[in-house]
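A look at the structure
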Amino acid sequence: MRLLITGGAGFIGSHIVEEELKRGTEIAVVDNLSAGKRENIPEGVDFYEIDICNRDELFRVFAEWKPEVVSHQAAQASVSVSMKEPAVDAMVNVVGTLHVLEASVYYGVQHFIFASTGGAIYGEVPEGSKATEEWPVNPKSPYAVAKASVEMYLKIFGDVHGLSYTILRYANVYGPRQDPYGEAGVVAIFCQRILSELPVTVYARRTRGDKGCIRDYVYVKDVDKVHSLCLRKRLRGVYNVSTGQGRTTTEVLETICSVIGARPIVSFDNQRPGDLEVSILDNTRISRFFDGWTDFQRGIEKTVEWFSRNYGS
Ligand SMILES: NC(=O)c1ccc[n+]([C@@H]2O[C@H](COP(=O)([O-])OP(=O)(O)OC[C@H]3O[C@@H](n4cnc5c(N)ncnc54)[C@H](O)[C@@H]3O)[C@@H](O)[C@H]2O)c1
């Protein structure tokens, strides 16, 4: 199978690349390295350092490399950047994505996987509920608006051009290689700061006391496994990729502290614009095909192990 993956130098994309290579897949990565790293791309992968906003270059790659399947992971992936610069976000996440879609149709790609967001697309999920895939889409940030519009474009590309596609709505993904210097990715930020003996901040809204927001944390290797399944079974439609379990930021912090054996200085601050308070996603639909979810404690142990090797003193 010939897989072209955009964003393959980034956090999630690079895990998919690593695991797909072990499965014997032929891989091309398209990435402009705006957030991803060259060293995340293993030997044996064809790498094209291009911007998906550049339609001509992207079409040239498709013409030359001839992918059978495409996984679109590239994105401006920060909610706060999208709040400050919605047009920049839309340029990459809508227009850039449309270029990838147009090229996929033009060059007869057999299946297309889109990395959408379950963490942002449903808006606030009331405590005690889990958002199923039928939950109304209710974006609260330009980032989520862009992801929701691409989902609608996909329907058009499916209806009009017969494009076969899977939409994966990821919850909060964590694991090795996540950027600890971004504004999101609390597991990576906590791991790096605690291992560097720095204080940490929990963003909390007064109504929730000092526990922080509630999120559904999914281990990155599980995302790859679900992705692989969708690729091979050509599963069509929309799937939440989540554990269905909510954890407060303080629970996450406590788990990381206990694995590391550290007691950092903790301060609390108000939630940032665009941050949701509660987001838990129902995973019944994908669990019909996959139920090997990594236990949270085990996922944190593996993540801490990696951060200790790369950021520990
Ligand atoms: N990490 C999460 O918890 C999460 C949750 C929901 C959805 N997602 C989505 O999953 C995908 C992967 O996220 P990630 O966490 O690995 O982010 P990431 O920032 O680590 O990876 C994104 C990759 O896309 C590349 N990229 C960005 N703009 C580009 C452009 N214009 N042209 C070419 N390449 C470009 C970056 O260099 C980077 O390598 C994204 O689409 C993101 O929106 C992530």
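Predicted, not measured: the structure shown is a model, and the values here were computed from it. (Residues numbered from 1 in each chain as written. Predicted model: local features only at pLDDT ≥ 70, side-chain atom pairs only at ≥ 80, totals over all residues. Heavy atoms only, no water.)

Looking now at unusual backbone geometry. Here Lys-66, not a glycine, exhibits a phi torsion of approximately 55°, which is positive. With a phi angle near 75°, Arg-177 is a residue other than glycine that sits in the positive phi range. Structurally, Arg-177 is set in the loop between β7 (172–174) and α7 (186–195). (Helix = DSSP H or I, 4+ residues; strand = E, 2+ residues; numbered from the N terminus.)

Let us now look at the pairing of strand β6 (residues 165–170). Of all six residues in β6, six are buried, a share of seventy percent or more. Because side chains alternate across β6, one face comprises the buried residues Tyr-165, Ile-167 and Arg-169, and the other comprises Thr-166, Leu-168 and Tyr-170, equally buried. Relative to β6, strand β5 (residues 111–117) runs parallel, the two sharing six bridges. Bridged to Ala-115 within β6 is Leu-168. Both β6 and strand β11 (residues 237–241) contribute to a ladder of five bridges, which runs parallel. (Buried < 20%, exposed > 50% of the residue type's maximum accessible area, 1.4 Å probe, protein only. Pairing = 2+ DSSP bridges.)

Another point: the pattern of salt bridges. The full count for this structure, using the stated rule, is 14 salt bridges. Measuring nitrogen to oxygen at the nearest pair gives 2.7 Å for the salt bridge that ties Lys-221 to Glu-19. Taken together, the residues Lys-221 in helix α8 (residues 220–233) and Glu-19 in helix α1 (residues 11–22) connect sequence positions 202 residues apart. There is no split in this pair, since Lys-221 and Glu-19 are both buried. Salt-bridge contacts for Glu-20 lead to Arg-23; the nearest nitrogen and oxygen are separated by 2.9 Å. Via salt bridges that share partners, Glu-18, Glu-19, Lys-22, Arg-177 and Lys-221 belong to a single interconnected network. (Salt bridge = Lys/Arg side-chain N within 4 Å of Asp/Glu carboxyl O.)

Taken together, the neighbourhood of the ligand is formed by 28 residues, with Ile-12, Asp-31, Asp-51, Tyr-143 and Lys-147 sitting nearest. Take Ser-34: an N or O atom from its main chain is 3.2 Å from an oxygen atom of the ligand. Between the ligand and the protein, one listed contact pairs an oxygen atom with a backbone N or O atom of Ala-35 at 2.9 Å. Expressed as a share of its isolated accessible area of 820 Å², the protein-covered part of the ligand is 90%. Mapped by element, the contributors of at least two residues to the shell around the ligand are α1, β5, α6 (142–161) and β7. When residues in the shell around the ligand are grouped by element, the largest group, three residues, is from β5. By residue class, the composition of the shell around the ligand is 16 nonpolar, nine polar and three charged. (Near = heavy atom within 4 Å. Polar contact = N/O pair within 3.5 Å; in protein donor to acceptor, adjacent residues only side chain to side chain. Areas by Shrake-Rupley, 256 points an atom, 1.4 Å probe, with all protein chains shown as cover. Nonpolar A, V, L, I, M, F, W, Y, C, P; charged D, E, K, R; others polar.)

Further remarks concern the nonpolar core. Ile-12, Val-29, Leu-168, Tyr-170, Val-173 and Val-226 are the most contacted members of the largest nonpolar core, which totals 38 residues. Within the residue set of this core, elements represented by two or more residues are β1 (2–6), α1, β2 (26–30), β5, β6, α8 and β11. Top contributing element to this core by residue count: α8, with six residues. The residue makeup of this core includes at least three contributed by each of domain 1 (2–172 + 217–241) and domain 2 (179–216 + 245–311). Residues contacting Ile-12, with those up to four places away along its chain left out, are Gln-73, Tyr-170, Val-173, Val-220 and Val-223. Within the second largest apolar cluster, 29 residues are counted, among which are Val-30, Val-150, Phe-157 and Val-238. (Core = buried A, V, L, I, M, F, W, Y, C linked by side-chain atoms within 4.5 Å. Domains from an automatic or database assignment. Contact = heavy atoms within 4.5 Å.)

Further remarks concern α1. Spanning 12 residues, α1 covers 18 Å between terminal C-alpha atoms, matching the ideal 16 Å at 1.5 Å per step. Burial within α1 is extensive, with nine of its 12 residues counted as buried. Taken together, the buried positions of α1 are Phe-11, Ile-12, Gly-13, Ser-14, His-15, Ile-16, Val-17, Glu-19 and Glu-20. On its buried face, α1 sits against β1, β2, β6, β7 and α8. Remark: Gly-24 follows α1 within two positions and exhibits a positive phi of approximately 85°. (Expected span 1.5 Å × (residues − 1).)

Quick look at the packing of helix α9 (residues 249–260) against helix α11 (residues 296–311) now. Packing of α9 against α11 leaves a shortest axis separation of 10 Å and a crossing angle of 55°. Taken together, the axes of α9 and α11 are oblique relative to one another. Relative to α11, the crossing made by α9 is right-handed. Contact with α9, carried on its side by Val-252, Thr-255, Ile-256, Val-259 and Ile-260, involves Phe-296, Gln-297, Ile-300, Glu-301 and Val-304 of α11 and no other residues of that element. Among the residues forming the contact of α9 with α11, the class breakdown is seven nonpolar, two polar and one charged. (Axes fitted to C-alpha atoms, helices over the stretch in contact; angles between N-to-C directions. Parallel < 35°, antiparallel > 145°, perpendicular 65-115°, else oblique. Left-handed = near helix turned anticlockwise from the far one by under 90°.)

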